[in-house]
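Examining the three-dimensional arrangement
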Amino acid sequence: MVATMRDPAAGLPPAPYLLTPGPLNTSAAVKAAMLRDWGSRDEEFREMTGCLRSRLLDLAGNSDGTLDCVPLQGSGTYVVEAMLGSLIPRNGRALVLVNGAYGRRIVEILRYLGRDFQVIDRGDYRPPRGFDVDMALGRDPEITHVVAVHCETSSGILNPIEDIAAAVSKHGRSLLIDSMSAFGALPTESGALPFDALAASANKCLESVPGIGFVIARKSVLEAARSNCHSLSLDLHAQWTGLNRTRQWRFTPPTHVVAALLQALEEHRDEGGVDGRYRRYTRNRDALVGAMRRLGFETLLPDAWLSPIIVSFLNPQHPGFTFERFYTLMKDRGYVLYPGKLTEADTFRMGCIGRLDDSVMLGAAASAGEALAEMGVPDGRPASAALAERNALAECQ
Ligand SMILES: *Cc1c(COP(=O)(O)O)cnc(C)c1O
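A brief look at the structure comes next. (Residues numbered from 1 in each chain as written. Predicted model: local features only at pLDDT ≥ 70, side-chain atom pairs only at ≥ 80, totals over all residues. Heavy atoms only, no water.)

1. Section: the packing of aromatic side chains
Applying the stated criterion across every chain yields a total of 11 aromatic pairs. Ring geometry for Phe297 and Phe326: centres 6.1 Å apart, planes at 35°, overall tilted. Of this pair, Phe297 sits in the loop between helix H10 (273-294) and strand E11 (310-314) while Phe326 is found in helix H11 (residues 323-332), placing the two residues 29 residues apart along the sequence. Side by side, Phe297 and Phe326 carry an identical accessibility label, which is buried. An aromatic cluster is defined as three or more aromatic residues linked by ring pairs; in this entry it consists of Phe297, Phe313, Phe321, Phe323, Phe326, Tyr327 and Phe348. (Phe/Tyr/Trp six-rings, centres within 6.5 Å; stacked < 30°, edge-to-face > 60°. Helix = DSSP H or I, 4+ residues; strand = E, 2+ residues; numbered from the N terminus. Buried < 20%, exposed > 50% of the residue type's maximum accessible area, 1.4 Å probe, protein only.)

Written out as structure tokens, the structure reads:
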């Protein structure tokens, strides 16, 4: 049993379980780690920063010492923007693999940055495949970078990142990964998954508080990134060289957030690292999906594409169901859900990540049953057309 916010031993007021893609429930110890102040230029904090960088690097399997970790203030989007703006030169051309809102956000960032790009858009919830990438790169030798989303959090789909990486590597191009909602729970060992850089943040699978992101990148790529960036504060090359030279952040660091993340990384290690976390999240997902299906709910995605991170459920077809009312009834019972973020299908989402275990997921599903009853909705069954589309998806490659 994982300690949760409702753990009476934690001595904290009751708070809802956040079944969301982040920020998430954090442990009492992670919150407690923030109960003191640090001087940003002080030696103690410099050591904390160094420790943070090396612990994060360990998670990416830096066995040959070719990678480095550059932390950055801000939410996840800030580090994605820093990665794209710093690592893609102004005369580069990107291929962006889009299958949801976070892929579209990458496109929007590249537009702001004025970088040349092409898009493979697979709609809201079909995965981009290695052979699509292989073909696109074969056709266009000018493409310098491929940008991929690891787990597309808007549908919960787990993209086949190993296949994509193999195709990029075959063509000798550079792979940049938005691994925001995967890093820490899904393998990103650089040996098995060749990438030039990946971006992630503290408040998803690492189960810490929001306010910090980081890029793990090849040192050679960081070295080559001098004066690419459009922005002073998002310049990864400058942040990297500054940290290496002075062991200090260039601008006010989120000191308490660094302390919390160090504690969260301890807990990650105690749980068995990436494998341990993957196993708990998988148990959470299986408990949730099983119990929701017993109520008639159905997942947007076929089983093979379900991530252990977050699950999209099709809205029930019964006219008595509205997400707003369902949300309120669930919140009253202590569970915060997430609306869907898709253009093609009516869905809502339930996250499996954060400091929670399968008993919480079963409690959430039981509450979903009560909420349906209160709305006068007999079961969670979606419209048969939506289900037919899901089943057709399962058959396509
Ligand atoms: C959460 C997330 C981000 C970053 O979102 P922020 O709201 O800026 O933290 C980026 N990409 C993916 C895939 C995510 O899940």
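2. Describing the nonpolar core
Membership of the largest hydrophobic core comes to 81 residues, with the highest contact counts inside it found for Leu84, Leu95, Leu175, Phe183 and Ile216. Here this core takes 8 residues from helix H9 (residues 255-270), the largest share from any one element. Once residues within four sequence positions are removed from consideration, Phe183 is found in contact with Leu56, Leu59, Ala60, Thr188, Leu198, Ala200, Cys205, Leu206, Phe214 and Ile216. One finds Phe321, Phe323, Phe326 and Leu342 within the second-largest nonpolar core, a separate group that totals 40 residues. (Core = buried A, V, L, I, M, F, W, Y, C linked by side-chain atoms within 4.5 Å. Contact = heavy atoms within 4.5 Å.)

3. Points about the sheet that holds E11
Read across the open sheet, the 3 strands follow the order E11-E14-E13; overall the sheet is antiparallel. Two strands in the sheet have a free side with no partner beyond their single neighbour: E11 and strand E13 (338-339). As paired elements, E11 and strand E14 (residues 347-351) share 5 bridges and run antiparallel to each other. The residue of E14 that forms the bridge with Val311 is Met350. Here H10 sits on the sheet and contacts E11 and E14; the angle it forms with E11, its principal contact strand, is near 10°. (Pairing = 2+ DSSP bridges. Axes fitted to C-alpha atoms, helices over the stretch in contact; angles between N-to-C directions.)

4. Re the layout of surface pockets
Size it by volume and the largest pocket reaches roughly 340 Å³. Around the largest pocket, the lining comprises 22 residues; the ones closest to its centre are Thr77, Tyr102, Arg105, Met180 and Lys204. Elements represented by at least two residues in the lining of the largest pocket include exactly helix H3 (76-87) and helix H4 (101-113). The class makeup of the residues in the lining of the largest pocket is 10 nonpolar, 8 polar and 4 charged. (1 Å grid on protein atoms, 1.4 Å probe; cavity = no way out; pocket = protein on both sides within 12 Å on 5 of 7 lines; lining within 4 Å. Points joined across faces, edges and corners; volume = space filled by probe spheres on them. Nonpolar A, V, L, I, M, F, W, Y, C, P; charged D, E, K, R; others polar.)

5. A look at the environment of Gly50
Relative to the helices and strands, Gly50 is located in helix H2 (residues 43-59). Residue class for Gly50 comes out partly exposed when judged on its relative accessible area of 37%. Sequence separation of Gly50 and Asn244 is 194 residues, and the distance between their C-alpha atoms is 9.2 Å.

6. Some points on the side chain of Asn159
Of note, Asn159 is situated in the loop between strand E7 (157-158) and helix H6 (161-170). A relative accessible area of 3% means that Asn159 is categorised as buried. Reaching out from Asn159, the side chain makes a polar contact with the backbone oxygen of Val149 at a distance of 3.0 Å. In this view, Asn159 contacts Asn99, Pro127, Pro128, Val149, His150 and Glu152; residues no more than four positions away in its chain are not counted. (Polar contact = N/O pair within 3.5 Å; in protein donor to acceptor, adjacent residues only side chain to side chain.)

7. Let's talk about the pairing of E11
Sheet faces and side chains relate simply in a regular strand, where the side chains alternate between the two faces. Along E11, 5 of the 5 residues are buried, which leaves the element largely enclosed by surrounding structure. Residues Ile310, Ser312 and Leu314 of E11 are buried on one face, and the alternating residues Val311 and Phe313, pointing to the opposite face, are buried as well.

8. Notes on the site of the ligand
Around the ligand, the structure places Ser75, Gly76, Thr77, Tyr102, Arg105, Val149, Cys151, Thr153, Asp178, Met180, Ser181 and Lys204. A distance of 2.5 Å separates an oxygen atom of the ligand from a polar atom in the side chain of Thr77. Between the ligand and Arg105 there is a distance of 3.5 Å, counted from an oxygen atom to a side-chain nitrogen or oxygen. Out of a free accessible area of 390 Å², the ligand has 86% covered by protein chains. Under a 2 Å grid-point criterion requiring more than half of the atoms, the pocket assigned to the ligand is the largest pocket. Of all the elements in the fold, those that place two or more residues in the shell around the ligand are H3 and H4. When grouped by side-chain class, the residues that make up the shell around the ligand number 4 nonpolar, 5 polar and 3 charged. (Near = heavy atom within 4 Å. Areas by Shrake-Rupley, 256 points an atom, 1.4 Å probe, with all protein chains shown as cover. Sits in = over half its atoms within 2 Å of the grid points.)

9. Here's the deal with the pairing of strand E2 (residues 67-73)
Counting buried positions along E2 gives 7 out of 7 residues, so the element sits mostly inside the fold. Along E2, one buried face is formed by Leu67, Cys69, Pro71 and Gln73 and the opposite face, lined by Asp68, Val70 and Leu72, is buried too. With 7 bridges joining them, E2 and strand E10 (residues 212-218) adopt antiparallel strand pairing. Among the inter-strand pairings, Gln73 is bridged to a residue of E10, identified as Ile212.

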